[in-house]
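Chain residues, written in single-letter form:
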Amino acid sequence: MSLFKVRNWWKTQCPTIEPAYDSFSLHCARLCIEEGEKDSLVVGSHSGQLCIYRPSGGTNLPDLDAEDDEQGGANGSANELAENVFQHADVILEVQLPLPVLGVSSGKFTTTNKADPRLQLAVLHPMKLCIYQLVTVDGLADHGDHTRLVALYDHALSKPAFSLCHGPFGGVKGRDFLCVQHLDGSLRFFEQDGISYERTLATDRYIPAPLHYVPRVDCFVTVAPSWVLECYRYQDVAEALETLRRHDPIWALCIGEYALDLQVHQISNTESVIVILGENNLLCVSDTGKVRFIKKLDYSPVCFHSFVTGWYWGRLGPSLLYPFSPILSPQFHPFPTEPGARLMLAVVSESGSLLLYESDQIIWSAQLGHVPVAIGRANVAGLPGALVTLGPTGALAVGYLGSEPQLFRVPALNLAPFEIARCQKELLELEREIRAGVDPSDASIANAAAERDVQLEVAIQGEPVPCTEHQVTGLLSSSEMCQLSVTVRVEPKLEMLQLTVATDQAIGCSKEAFLFRDVAAHSTERFDVWLYPAVPTLPASRTATVYCSYTSKQGITRVLERSVLLPVRLFLKPAQPSKEAQHKLTLTVVPPPAQHTAGSVLGRLFPEFAPEGSSASALALQPVAGGGDGRKVTIVAAKSTNRFRVQSDELGLMALVLECLIGRLQGRESVGHATEQDEAAGRKDLSSRVQVTIGGVPLVSGLLRSLQVHCDLRKAVKQLETDLEIATGQMRLFERRFVVKLQERSLRALDGILMLLKRNHTAVAKVCLQIKTMRQKLKLHAANAPGGKYLEHLTALLAHSVLDSTEQSYEEMMLPVVRFLHQTGPLKNATEQSEATPFDEAFFYTAKQTDRDPVDLSAHSQLLQGQLQRLLGRVNDRITAAKTARTSGSGSGRNSVDFEDQPLPEAHNEEAEEEEEDGKGQNEEANRPTDGSAGVEEFAQLSATASEWVNYEKMSDLPL
């Protein structure tokens, strides 16, 4: 954003108020209709409107930007002048042509009278080229003169046109010829004697590009589809005999990108320059193919205009106010031949900034009021060298750069503290407005239509087989892989259909995407892919999701989603149960699983790991990859089959086993696999679902230790990247010194440089290997990071997929969620909330960083550890308080966690205790609800305050 702004001097709106203009729609030239006239602005639109304007104004240069200033006195008269700047007399001609206007040009296109100074207009239509003459008709009364557009002749085109150029082809004097470029790249030449012929350039021209004529060398320059600037001599192209015609360009230069625009200027009697505006660079090439300069642009250009000025206009006095004013029209003033000739370039960026260059050096920058599609320069009455811009909707403006900056006033900062309650209230109001304006029936109808058009079925085929992807995964030979079958049935005819298989980053896929075009109606296809462990760690989730996105022939896009759970055998294998562990979780199942005479409960839940008929009450599972280090998870079932305990020395391993156990207890997952349809069907009948209650939160020390290890790994990667940057900088320095010594031919001095290069190369290779190893450790640690799957209230907020990187990891993503739970909702503490410090936005949006100090990566990690420790401790206190209240109220004295007083894997006294408790607690059982909700009474306090959240249908709908 520039400090200066382009000052508006004159503006109007073209008749067509729609996006019907491009860079070929504006033409600024002196048409010589009358003696002493200034330049006219010719605008053509794709709707067929052709307008010619001749702005008029005084010498006081009123500013249209002053219209909004509420000032009196002297400024009042200026505002009145600004309102009346555009007059009806400024419009010379407005006519509606029957065809769209692709381009406009002016020149001597007739030979009727060489003494006539008037110029003709050439208007290019898609399939026709028309030549017009402007005729002034004297008025009979006080209405004044008026201008008419008279058609002289036209040429029919056999192919659609793209652009138009003209010039004295072949060195002809006193007249101009025309050349039309078609969409296929062929050229059509028109001479005034009625001679026309078509030529095709040497290379394929599937993508048309700007074409210009260079008068000094009698050549055409254009850009080929291969991004090569080519120069063709007119005599070679116009040769009638095919055998004598030269097809190759006289010179070519690779510019490496598409040319947005191209302009030609003669800077001396012996040289012309070709200026090319690319997508990322600004190039200047001489007419002999020599590169004068290349300017790399750090912005996206939209359009540009170039011109030449002499040495006697180089003073900065007048150019500050009118940098375009010293430039006279190139049609009526000779090109300067002085050594001080200057090439000026005006480029408009995508953000609306105008940048003025002298060759490759920027000398001025100003901000435009809008982003134009075309820019030019004209000498109008009262403002020589005016800047002309044309917007995409026909906004035509004439202005000047100006030397008075438009100072921006910084608004007053809102220093009020951030209030969570007020922001939550505002969020609720906005959500209610959004929900009131959205009809949910529309989404259901669209989803039902998508299900009818495309039927997507996803399933696991067969049993896992030995993995054959060891050359990719590098895992043990005991790993397995499974086949995922995707069946697609298409009813209507589709334009495009794409299938994407999304899995956890620790799970590999043989082919992740399928793309099809022009899919036939009533067709069925089946695709099979193989899924296997990709890295030696457990995935955060076993879910494989298949997304089907398709586009109908009407251009309507829909997306379908299907999920399936992968077999647990791919990631876990049985091991010897352990009696003690650091982290323990107890699950209470209501109602208890049905008992059978043959086998134990664990044997029925995990038949792939337990032998047939096994009666063991404990089962241990360890990772298939990297399981030799003793890491395992043990599941212990009480003989009453009402409680289960999951224990492990590593907290990260418990998430996958816990998810699998709960899913099989609730019947949402079968032995082999469970699809999303099965899970959705189980949710319909809530009264028949099994309630699984977690009786506490494990120690958070393992979780905090994992967060600290991840933070240390990020610091190590950051330090290695800094070391690599220093080492590569040293190598570049040594390489430059080596080139200098090599040019001096000092062989003795090369020995020391070679030694330094070898040592530095070894250091760079070592650091690169360390970075690769450290990033792999960071990836494995992030893939197995423990999630928040301890309570259903936290699952929807904490269990989400994140992309961990050195710039932004899951600590930064989870910190706002944990802080939100800590300060609002059913888990907040009224005492702590009142004493809490004001909301600190610095921890949410950026780490502690100054110009000298590096980024502190541990800022978010330390804050997250503290917030998470307090939050999970508060959850544990709520559960303990609820248990104590229920136990004291019933008087049974029973503890739901009855595994602590017995050795593993047997629970020898548990059955007797159950019989005794059944006799004592009959009244209690009679008073309990029969819908399976007794196991969730521990969360009564949480549910009672759930209204403090959002009135959503479920907690996962929170807008976080």
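In this text, all values refer to a predicted model and were calculated from it rather than measured experimentally.

Trainee: Summarise the overall build of the protein chain; cite the residues concerned and give the values.
Mentor: If you tally the helices and strands in the protein chain, you get 19 helices and 42 strands. Looking at the 960 residues of the protein chain, the share that counts as buried comes to 46%. Partitioning the contacts of the protein chain with sequence separation of at least 6, the portion at a separation of at least 24 is 63%. When the accessible area of the protein chain is evaluated, it comes to approximately 49000 Å², of which 53% is carbon and sulfur surface.

Trainee: Can you break down the sheet that holds strand S5 (residues 91-96) residue by residue, with the values?
Mentor: In space, the four strands of this open sheet follow the order S2-S3-S4-S5, with antiparallel pairing throughout. Edge positions in the open sheet fall to strand S2 (26-29) and S5, since each of these has one partner strand only. Strand-to-strand twist in this sheet, taken as the mean axis angle between neighbours without regard to direction, amounts to 10°. Judged from the four bridges that link them, S2 and strand S3 (residues 40-44) form a sheet pairing that is antiparallel. Bridge pairing in S3 links Cys-28 to Leu-41.

Trainee: Please give an account of the sheet that holds strand S17 (residues 251-254) that cites residues and values.
Mentor: Backbone-to-backbone hydrogen bonds join strands into a sheet, with any given pair of strands oriented parallel or antiparallel. Pairing in this open sheet of four strands is antiparallel, and the strands run S14-S15-S16-S17 from one edge to the other. Across the chains shown, the open sheet's two edge strands, defined by having one partner strand only, are strand S14 (211-214) and S17. Sheet twist, expressed as the mean angle between neighbouring strand axes with direction ignored, is 20°.

Trainee: Go over the state of the cysteines, please, and point to the residues and values.
Mentor: Structurally, a disulfide amounts to a covalent bond that connects the sulfur atoms of two cysteines. Scanning the entire structure with this criterion turns up zero disulfides. You can see Cys-165 has no disulfide; the closest cysteine sulfur is in Cys-179, sitting 4.4 Å from it. Here Cys-231 stays free of any disulfide, with the sulfur of Cys-219 as its closest cysteine sulfur at 3.9 Å. Its relative accessible area of 1% is what places Cys-231 among the buried residues.

Trainee: I'd love a proper account of the packing of aromatic side chains, names of residues and values included.
Mentor: Under the defined criterion, the tally for this structure stands at 16 aromatic pairs. Considering the side-chain rings of Phe-606 and Phe-609, the 6.4 Å spacing of their centres and the 35° angle between planes classify their relative orientation as tilted. With respect to class, Phe-606 is no different from Phe-609; both count as buried. One aromatic cluster in this structure is built from Phe-169, Phe-177, Phe-189, Tyr-197, Tyr-213, Phe-220 and Tyr-234. Sitting above the plane of the Phe-307 ring, Arg-377 keeps its charged end 5.9 Å from the centroid.

Trainee: Outline the pairing of strand S27 (residues 383-390), supporting the account with residue identities and numerical values.
Mentor: Of all eight residues in S27, seven are buried, a share of seventy percent or more. Judged from the six bridges that link them, strand S26 (residues 374-380) and S27 form a sheet pairing that is antiparallel. The residue of S27 that forms the bridge with Ile-375 is Thr-389. Hairpin geometry of S26 and S27 is characterised by an intervening segment of two residues between the two adjacent antiparallel strands and by a positive phi of about 85° at Gly-382. Here four bridges tie S27 to strand S28 (residues 395-400), and the two strands are oriented antiparallel to one another. By the bridge assignment for S28, Thr-389 is matched with Ala-397. Where S27 folds back onto S28 in an antiparallel hairpin, the turn is made up of four residues, including Gly-394, whose phi is positive at roughly 95°.

Trainee: Mind laying out the nonpolar core, listing which residues take part and the relevant values?
Mentor: Taken as a class, soluble globular proteins show a tendency for nonpolar side chains to be buried jointly. By size, the foremost hydrophobic cluster in this structure holds 74 residues, and its most contacted members are Leu-484 and Phe-644. With eight residues, helix H8 (residues 654-665) is the largest single contributor of residues to this core. Tyr-21, Cys-51, Val-380 and Leu-390 belong to the second largest nonpolar core, which has 21 residues in total.

Trainee: Can you break down the side chain of Asn-760 residue by residue, with the values?
Mentor: As for its position among the elements, Asn-760 is in helix H11 (residues 747-783). Beyond its immediate sequence surroundings of up to four residues, Asn-760 is in contact with Ala-727, Gln-730, Met-731 and Phe-734.

Trainee: Lay out helix H4 (residues 420-437) in plain terms, naming residues and giving numbers.
Mentor: Note on helix geometry: an α-helix contains 3.6 residues per turn, so any two residues three or four positions apart are oriented the same way. Over its 18 residues, H4 runs 26 Å from end to end, which matches the ideal 26 Å to within 8%, given 1.5 Å per residue. Within the sequence span of H4, burial applies to Ile-420, Gln-424, Leu-428 and Glu-431. In a view along the axis of H4, the buried residues occupy a sector of 75°, so they form one face of it. Opposite the buried face of H4, by more than 90 degrees, sit the exposed residues Lys-425, Glu-433, Ala-436 and Gly-437.

Trainee: Report on unusual backbone geometry, specifying residues and quantitative values.
Mentor: Within the chain, Trp-227 stands out as a residue other than glycine whose phi angle is a positive 65°. For Trp-227, the position within the fold is in the loop between strand S15 (219-223) and strand S16 (228-233). For Trp-227, a relative accessible area of 40% translates into the label partly exposed. Positive phi, normally seen in glycine, also occurs at His-522, with a value near 55°.

Trainee: Account for the pattern of salt bridges, with residues named and values stated.
Mentor: Enumeration according to the criterion identifies 21 salt bridges in this entry. Put simply, Glu-580 and Lys-584 hold a salt bridge, and the shortest N to O gap is 3.4 Å. By relative accessible area, Glu-580 is classed as exposed at 57%. Its relative accessible area of 26% is what places Lys-584 among the partly exposed residues. Among the charged side chains, a network of salt bridges with common partners joins Lys-159, Asp-184, Arg-188 and Glu-198.

Trainee: Summarise the pairing of strand S19 (residues 271-278); cite the residues concerned and give the values.
Mentor: Successive side chains on a regular strand alternate, one facing one side of the sheet and the next facing the other. Within S19, seven of the eight residues are buried, leaving the element largely enclosed by the surrounding structure. Bridge count for strand S18 (residues 259-268) against S19 is eight bridges, and the pairing is antiparallel. Bridge pairing in S19 links Asp-261 to Leu-277. Turn length for the S18-S19 hairpin, with the two strands adjacent in sequence and antiparallel, is two residues. With antiparallel pairing between neighbouring strands as the criterion, S19 and strand S20 (residues 281-286) make up a hairpin whose turn holds two residues.

Rules used throughout
Residues numbered from 1 in each chain as written. Predicted model: local features only at pLDDT ≥ 70, side-chain atom pairs only at ≥ 80, totals over all residues. Heavy atoms only, no water. Helix = DSSP H or I, 4+ residues; strand = E, 2+ residues; numbered from the N terminus. Buried < 20%, exposed > 50% of the residue type's maximum accessible area, 1.4 Å probe, protein only. Contact = heavy atoms within 4.5 Å. Areas by Shrake-Rupley, 256 points an atom, 1.4 Å probe, with all protein chains shown as cover. Pairing = 2+ DSSP bridges. Axes fitted to C-alpha atoms, helices over the stretch in contact; angles between N-to-C directions. Disulfide = S-S within 2.5 Å. Phe/Tyr/Trp six-rings, centres within 6.5 Å; stacked < 30°, edge-to-face > 60°. Lys NZ or Arg CZ within 6 Å of the ring centre and 35° of its normal. Core = buried A, V, L, I, M, F, W, Y, C linked by side-chain atoms within 4.5 Å. Expected span 1.5 Å × (residues − 1). Arc of directions from axis to C-beta. Salt bridge = Lys/Arg side-chain N within 4 Å of Asp/Glu carboxyl O.

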